[in-house]
Amino acid sequence: IMYENESLSIGKAAKLLGISVVTLRRWEKLGKVVSRFRTFGNHRRFSLSDILTISNKENKKVVCYSRVSSHDQKADLERQSQKLEKYAQQKFNHIEVIKDLGSGLNFKKKGLNKLLTMILNREISHIIINHKERLLRFGHELLFKICAFFGIEIIVLENTVKDFNQDLTESVIEIMTVFCAKLYGSRSHKNKSCI
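Small disclaimer: the values here were computed from a predicted structure and weren't measured.

1. A few points about the pattern of salt bridges
Oppositely charged side chains can form a pair if their charged atoms are brought close together.
Move 1: Inspection of the entire model under this criterion finds seven salt bridges.
Move 2: Residue Lys-61 pairs with Glu-96 through a salt bridge whose shortest N-O separation is 2.9 Å. In this pair, Lys-61 is assigned in strand β5 (residues 61-68) and Glu-96 in strand β6 (residues 95-101), connecting sequence segments 35 residues apart.
Move 3: Taking the relative accessible area as the measure of exposure, Lys-61 reaches 32% and is therefore partly exposed.
Move 4: Of the charged contacts in the structure, one is a salt bridge between Lys-83 and Glu-158, with a shortest N-O distance of 2.0 Å. Residue Lys-83 is found in helix α4 (residues 74-89), and its partner Glu-158 is found in the loop between β8 (153-156) and α7 (164-194); the two are separated by 75 residues along the sequence.
Move 5: By relative accessible area, which is 33% here, Lys-83 ends up partly exposed.

Shown next, in the form of structure tokens:
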């Protein structure tokens, strides 16, 4: 997981570019890339933004993934999506926007399944999201590990740490919403079959 304002060591920057540290040092001497600053130990630090600009790996896509839980949040979905796309357009060429409407507990969402297929087919170089929970409320760590295995970088634009009580409340509400929807859905199905 990487955050927009992150500074990268030479090793991490080289890995992100898919080149060796020796090559990156040579690129720096040639002026192809510039280290932003040096640490007290005289170690180079590169800007994630600069490295992403250079990166644009092969013809792989950069996916902007946004999700909201309910239909009354559609305006928020559009805002999220526009923000991600604007960020991506400044740094990448091949961009695909995926929007999802559904609970963060639901693994059957059309957009999420499309994203998973693209990951497994090695079609993606980066995934850009607003918050970790936008992918999945529970289980995003597993998806992050799968991305790491396939060499996909995840960029989280907002690294705001939520208050524990607020986060817990949101999680409980989301769980209750899912179970209520299932309960009322099954009742509706039973009522239709009785007619």
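Let us keep going from here.
2. Details of the nonpolar core
Move 1: Among the nonpolar cores identified, the biggest contains 22 residues, and Leu-24, Phe-46, Ile-51, Leu-52, Phe-92, Ile-128 and Ile-155 are the most heavily contacted of them.
Move 2: Of all the secondary structure elements, the ones that give two or more residues to this core are α1 (10-17), α2 (21-30), α3 (48-55), β5 and α4.
Move 3: At five residues, α1 tops the list of elements feeding residues into this core.
Move 4: Formed by 19 residues, the second largest nonpolar core is a distinct cluster that contains Leu-112, Ile-124, Phe-144 and Ile-152.

3. Regarding the packing of aromatic side chains
Move 1: Under the definition given, this model contains one aromatic pair.
Move 2: Between Phe-149 and Phe-150, the aromatic rings sit 5.1 Å apart at their centres with planes inclined by 90°, giving edge-to-face as the arrangement.
Move 3: Judged by relative accessible area, which is 16%, Phe-150 ranks as buried.
Move 4: Across the ring face of Trp-27, the terminal group of Lys-32 is positioned such that the distance to the ring centre comes to 3.8 Å.

4. Focus: unusual backbone geometry
Move 1: Positive phi, close to 70°, is recorded for Asn-42, a residue that is not glycine.
Move 2: Summarising the element assignment, Asn-42 is placed in the loop between β3 (37-38) and β4 (44-47).

5. Regarding the environment of Val-22
Move 1: By the secondary structure assignment, Val-22 is in helix α2.
Move 2: Remark: the alpha-carbon pair of Val-22 and Gly-11, spanning 11 residues in sequence, is separated by 9.7 Å.

6. As for the packing of helix α5 (residues 110-120) against helix α6 (residues 140-149)
Move 1: Between α5 and α6, the shortest axis-to-axis distance is 10 Å and the interhelical angle comes to 30°. Put simply, α5 runs roughly parallel to α6. Residue-level inspection shows Leu-112, Leu-116 and Ile-119 of α5 in contact with α6, the latter providing Leu-143, Ile-146 and Cys-147.
Move 2: Classifying every residue of the contact of α5 with α6 gives six nonpolar, no polar and no charged.

7. Quick look at the pairing of β6
Move 1: Burial along β6 is one-sided: the face carrying Glu-96, Ile-98 and Asp-100 is buried and the face carrying Ile-95, Val-97, Lys-99 and Leu-101 is not.
Move 2: Of the crossover connections in this fold, the one passing from β5 over α4 to the parallel β6 is right-handed.

8. Focus on the sheet that holds strand β2 (residues 7-8)
Move 1: In spatial order, the strands read β2-β4-β3; together these three strands make up an open sheet with antiparallel pairing. If you trace the sheet from one side to the other, it starts and ends with β2 and β3, each paired once.
Move 2: With two bridges joining them, β3 and β4 adopt antiparallel strand pairing. Within β4, the position partnered with Arg-38 by the bridge is Arg-44.

9. Some details on the pairing of strand β7 (residues 124-129)
Move 1: Burial runs high along β7: six of the six residues are buried.
Move 2: In this structure, β5 lies alongside β7, joined through four bridges in parallel fashion. When the sheet's bridge partners are listed, Val-63 is paired in β7 with Ile-127.

Calculation notes
Residues numbered from 1 in each chain as written. Predicted model: local features only at pLDDT ≥ 70, side-chain atom pairs only at ≥ 80, totals over all residues. Heavy atoms only, no water. Salt bridge = Lys/Arg side-chain N within 4 Å of Asp/Glu carboxyl O. Helix = DSSP H or I, 4+ residues; strand = E, 2+ residues; numbered from the N terminus. Buried < 20%, exposed > 50% of the residue type's maximum accessible area, 1.4 Å probe, protein only. Core = buried A, V, L, I, M, F, W, Y, C linked by side-chain atoms within 4.5 Å. Phe/Tyr/Trp six-rings, centres within 6.5 Å; stacked < 30°, edge-to-face > 60°. Lys NZ or Arg CZ within 6 Å of the ring centre and 35° of its normal. Axes fitted to C-alpha atoms, helices over the stretch in contact; angles between N-to-C directions. Parallel < 35°, antiparallel > 145°, perpendicular 65-115°, else oblique. Contact = heavy atoms within 4.5 Å. Nonpolar A, V, L, I, M, F, W, Y, C, P; charged D, E, K, R; others polar. Right-handed = clockwise from strand over helix to strand, strands pointing away. Pairing = 2+ DSSP bridges.

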